[in-house]
Amino acid sequence: MSLTPKPPAPRIAFLGTGSMGLPMAKRLCEAGHALQVWNRTAAKAASLTALGAVLHTQANAAVAEADIVIGMLENGAVVEDVLFVQGVAAAMKPGALWIDMASIKPREARDHAARLGALGIAHLDAPVSGGTVGAEQGTLAIMAGGKAPAFERALPIFQIFGRATHVGSHGAGQLTKLANQMIVGITIGAVAEALLFASKGGADMAKVREAIGGGFADSRVLQLHGQRMVERDFAPRARLSIQLKDMRNALATAEEIGFEAPVTALFEQLYADGIKHGLSDLDHSGLFVELASRNGMS
């Protein structure tokens, strides 16, 4: 009985090796993929060459032979520039798949999908949640928008990064990420305010966090970010400035679709005030510092 030959592994290019992209690219190398890599600052990707990756100085050169190109870039403007100014879209093969894992506006994702589709290139917007720890451990939550065949094609790669869910058509991945960031940003504020409130009244903040864990108020934010607040550990995992960007993207998208988001608007202002007061490089749980300062508890 003849066995059906196993299809060859896809040739993968990875663009953007910052704090999230580098551990994700490393996981691909460790899974046996021969990776073509580009980063604006090449030195940040150099460590991947020891794992077999080929480092390119031009993004369009990195993608020329790739079946799948993964972008983990800074924002929508950078994605636009890399795809359509630096020539990545023109250099990709017809039939290739672009997976945009950056957090950008839904309308930008839909626009990119249409323009790539005209070139015969498939598109997924697949932003992630889980931070650098999730990227290192392969436990990211991946929210994918696009056509079902493209999602199925990408699934073996997504499984290296974490858990993926197909949430709808082009742009739906970015909508889901914005919803995620609305919940995260608002919950950070709720946890910070509640712990500070209890402390101001004379309770032990650490014990309050312990007491309400497991009840209806429990969450990963209470567990992880709450502990950072107790310890005053605001070393950046996800920066407060990035949280503000996400809240602003959510509000811009809400306006586009005719949706009122008053809670998000309130917290956008609180994060903006924190940045105005010099907190931009703190972890997003550093909103605690802004709220503490308002209450004379800094």
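Described below are features of the structure shown in this document. (Residues numbered from 1 in each chain as written. Predicted model: local features only at pLDDT ≥ 70, side-chain atom pairs only at ≥ 80, totals over all residues. Heavy atoms only, no water.)

Describing the overall build of the protein chain
When its secondary structure is counted, the protein chain shows 13 helices and nine strands. Computed over the C-alpha atoms, the radius of gyration of the protein chain is 21 Å, within 12% of the 19 Å expected from 2.2 N^0.38 for a compact globule of 298 residues. If you line up the protein chain on its principal axes, its C-alpha atoms span 70 × 45 × 40 Å. The buried share of the protein chain, reckoned over its 298 residues, is 45%. Long-range contacts, defined here as pairs at least 24 residues apart, represent 66% of the contacts in the protein chain between residues at least 6 apart. (Helix = DSSP H or I, 4+ residues; strand = E, 2+ residues; numbered from the N terminus. Rg over C-alpha atoms; globule rule 2.2 N^0.38 Å. Buried < 20%, exposed > 50% of the residue type's maximum accessible area, 1.4 Å probe, protein only. Contact = heavy atoms within 4.5 Å.)

Things to note about the side chain of Gln174
Relative to the helices and strands, Gln174 resides in helix α8 (residues 172-200). Here Gln174 falls in the buried class, since its relative accessible area comes to 1%. If sequence neighbours within four positions are ignored, Gln174 has contacts with Asp100, Ala102, Ser103, Ile104, Lys105, Pro106, Ala109, Asp125 and Pro127.

Thoughts on the packing of aromatic side chains
Under the counting rule described, the total for this entry stands at two aromatic pairs. Summarising the aromatic geometry, the rings of Phe151 and Phe158 are spaced 6.0 Å apart at their centres and angled 45° between planes, so their arrangement reads as tilted. (Phe/Tyr/Trp six-rings, centres within 6.5 Å; stacked < 30°, edge-to-face > 60°.)

With respect to the pairing of strand β2 (residues 35-38)
As judged from the four bridges shared by strand β1 (residues 12-15) and β2, these two strands associate in the parallel manner. Along β2, the bridge assignment pairs Ala13 with Gln36. Once the chain exits β1 it traverses helix α1 (residues 21-30) before rejoining the sheet at β2, and the crossover so formed is right-handed. Examined bridge by bridge, β2 and strand β3 (residues 54-56) share three bridges and lie parallel to one another. When the bridges of β3 are listed, Gln36 appears paired with Val54. (Pairing = 2+ DSSP bridges. Right-handed = clockwise from strand over helix to strand, strands pointing away.)

Considering the packing of α8 against helix α9 (residues 205-212)
Running from N to C, α8 and α9 cross one another at 125°; their axes reach a closest spacing of 9 Å. Considered as vectors, α8 and α9 are oriented oblique to each other. Between α8 and α9 lies a crossing of right-handed hand. Of α9, the residues touching α8 (which contributes Leu195, Leu196, Ala198 and Ser199) are Met205, Val208 and Arg209. In the contact of α8 with α9, the residues fall into five nonpolar, one polar and one charged. (Axes fitted to C-alpha atoms, helices over the stretch in contact; angles between N-to-C directions. Parallel < 35°, antiparallel > 145°, perpendicular 65-115°, else oblique. Left-handed = near helix turned anticlockwise from the far one by under 90°. Nonpolar A, V, L, I, M, F, W, Y, C, P; charged D, E, K, R; others polar.)

Description of the environment of Val230
Position of Val230 relative to the elements: it lies in helix α10 (residues 220-231). Spatially, the C-alpha atoms of Val230 and Ala90 are 50 Å apart, while their sequence positions differ by 140 residues. With sequence-adjacent residues up to four places away left out, Val230 is seen in contact with Met205, Ala206 and Arg209.

A look at the pairing of strand β9 (residues 162-168)
By the bridge criterion, six bridges tie strand β8 (residues 140-146) to β9 in an arrangement that is parallel. In the strand pairing of β9, Ala144 is matched with His166. For the crossover that starts at β8, traverses helix α7 (residues 148-161) and ends in the parallel β9, the hand is right-handed.

What about the packing of α8 against helix α11 (residues 240-257)?
Where α8 contacts α11, the axes come no closer than 9 Å and their chain directions differ by 125°. Here α11 runs oblique to α8, going by the angle between their axes. Seen along the crossing, α8 lies across α11 with a hand that is left-handed. Residues Leu175, Leu178, Gln181, Met182, Val184, Gly185 and Ile186 of α8 touch α11, and the partners they reach there are Gln243, Asp246, Met247, Asn249, Ala250 and Thr253.

Remarks on the nonpolar core
In summary, soluble globular proteins display a tendency toward joint burial of nonpolar side chains. Within the largest apolar cluster, 32 residues are counted, with the highest numbers of intra-cluster contacts made by Ile70, Ile99, Met101, Phe158 and Phe161. Only β1, α1, β2, β4 (68-71), β5 (97-100), β8 and α7 provide two or more residues apiece to this core. For this core, the element with the highest residue contribution is α7, accounting for seven residues. Every residue in contact with Ile99, bar those within four places of it in the chain, is listed here: Ile68, Val69, Ile70, Gly71, Leu124, Ala126, Ala154 and Phe158. Counting 24 residues, the second largest nonpolar core, distinct from the first, contains Leu195, Met205, Val221 and Leu222. (Core = buried A, V, L, I, M, F, W, Y, C linked by side-chain atoms within 4.5 Å.)

Side note on α8
With 29 residues, α8 extends 42 Å between its outermost C-alpha atoms, agreeing within 8% with the 42 Å of an ideal straight helix rising 1.5 Å per residue. Of the residues flanking the end of α8, it is Gly202, one or two places downstream, whose phi is positive at about 110°. (Expected span 1.5 Å × (residues − 1).)

Considerations on the pattern of salt bridges
Taken as a whole, this structure holds 15 salt bridges when the rule is applied. The closest approach of N and O atoms between Lys245 and Asp246, which form a salt bridge, is 4.0 Å. Taken together, the shared-partner salt bridges connect Asp273, Lys276, Glu290 and Arg294 into one network. (Salt bridge = Lys/Arg side-chain N within 4 Å of Asp/Glu carboxyl O.)

Observations regarding unusual backbone geometry
Its identity is not glycine, yet Arg232 carries a phi of approximately 55°, on the positive side. Mapped onto the elements of the fold, Arg232 is located in the loop between α10 and α11.

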